[in-house]
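What follows is the residue order along each chain.
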Amino acid sequence: MTPSKLLKRLRVDDPEGFRLAAFDPADTGGLDKDDAQAMLADDLKRLGELQQRLYTDGRWALLVVLQGMDAAGKDGVIEHVMTGLNPQGCNVHAFKAPS
């Protein structure tokens, strides 16, 4: 399955009619572990290429905001997705709850 087909299945087009109970939490989108790892490897390569193009142009940037409660999976996203990026081209800022 292509990433665009997988994302299309997960996109919410009608927020008012969205019901979380309508989605099976065990749904893998038809992917097994090997397929998912291959897709991730391809996407990481593409992400690295896109980062290089943005850096070379020097006019644009990408802002990624991860917000979630403790144990929401933010660290896992950073660990898996950011492995495809050059760390010299990244700035990381932590924001804490307002006091």
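Thresholds, definitions, all that
Residues numbered from 1 in each chain as written. Predicted model: local features only at pLDDT ≥ 70, side-chain atom pairs only at ≥ 80, totals over all residues. Heavy atoms only, no water. Helix = DSSP H or I, 4+ residues; strand = E, 2+ residues; numbered from the N terminus. Buried < 20%, exposed > 50% of the residue type's maximum accessible area, 1.4 Å probe, protein only. Contact = heavy atoms within 4.5 Å. Areas by Shrake-Rupley, 256 points an atom, 1.4 Å probe, with all protein chains shown as cover. Lys, Arg positive; Asp, Glu negative; His and termini not counted. Charge placed at Lys NZ, Arg CZ, Asp CG, Glu CD. Salt bridge = Lys/Arg side-chain N within 4 Å of Asp/Glu carboxyl O. Patch = residues over 30% accessible without salt bridge, like charges linked within 9 Å, V, L, I, M, F, W, Y side chains within 5 Å. pLDDT = per-residue confidence, 0-100. 1 Å grid on protein atoms, 1.4 Å probe; cavity = no way out; pocket = protein on both sides within 12 Å on 5 of 7 lines; lining within 4 Å. Points joined across faces, edges and corners; volume = space filled by probe spheres on them. Nonpolar A, V, L, I, M, F, W, Y, C, P; charged D, E, K, R; others polar. Phe/Tyr/Trp six-rings, centres within 6.5 Å; stacked < 30°, edge-to-face > 60°.

Student: Outline the overall build of the chain, listing residues and values.
Tutor: Helix and strand counts for the chain come out as 3 helices and 0 strands. The N-to-C order of helical and strand elements in the chain reads α-α-α. With respect to the principal axes defined by its C-alpha atoms, the chain has extents near 40 × 40 × 25 Å. Counting over 99 residues, the chain shows a buried share of 7%. Pairs at least 24 apart in sequence give 57% of the contacts found in the chain among residues at least 6 apart. Accessible area of the chain: about 9300 Å², with a carbon and sulfur share of 57%. With 12 positive and 15 negative side-chain charges, the chain shows a separation of 5 Å between the mean positions of the two kinds.

Student: I'd love a proper account of the pattern of salt bridges, names of residues and values included.
Tutor: Side-chain pairs of opposite charge can arise whenever the charged atoms involved come near each other. Using the criterion set out here, one finds 3 salt bridges in the structure. One salt bridge connects R11 with D13, and the closest N-O pair in it is separated by 2.9 Å. Close ionic contact of R59 with D57 constitutes a salt bridge, the shortest N to O distance being 3.2 Å. On the basis of relative accessible area, R59 is assigned to the exposed category, the value being 63%.

Student: Requested: an account of a nonpolar patch on the surface, with residues and values cited.
Tutor: Judged by side-chain polarity, L54, W60, L62, V64, L66, V77, I78, V81 and M82 come together as a nonpolar surface patch covering roughly 780 Å² of accessible area. Here the element with the most residues in the nonpolar patch is helix α3 (residues 74-81); it accounts for 3 residues. Among the secondary structure elements, V81 is positioned in helix α3. Using a relative accessible area of 32% as the deciding quantity, one classes V81 as partly exposed.

Student: Explain the confidence of the model for the chain residue by residue, including any values.
Tutor: For the chain, mean pLDDT is 84; residues scoring 70 or higher make up 97% of the total. Within the chain, the lowest mean pLDDT, 81, falls on helix α1 (residues 3-10), and the highest, 89, falls on helix α2 (residues 33-57).

Student: Break down the layout of surface pockets for me, citing the residues and quoting the values.
Tutor: Its boundaries defined by the atoms lining it, the largest pocket holds a volume of some 1300 Å³. Residue contributions to the lining of the largest pocket peak at 7 residues, all from α2. Considering only residue class, the lining of the largest pocket consists of 19 nonpolar, 10 polar and 3 charged. There is about 280 Å³ of room inside the second largest pocket. Considering the residues around the second largest pocket, the lining is formed by P3, L6, L7, M39, L40, D43, L44, L47, H80 and V81.

Student: Run through the packing of aromatic side chains, naming residues and quoting values.
Tutor: Enumeration over the complete set of coordinates arrives at 1 aromatic pair. An angle of 35° between the planes, with centres 5.5 Å apart, marks the rings of F18 and F23 as tilted. For F18, a relative accessible area of 31% gives the class partly exposed. Classification of F23 as partly exposed rests on a relative accessible area of 37%.

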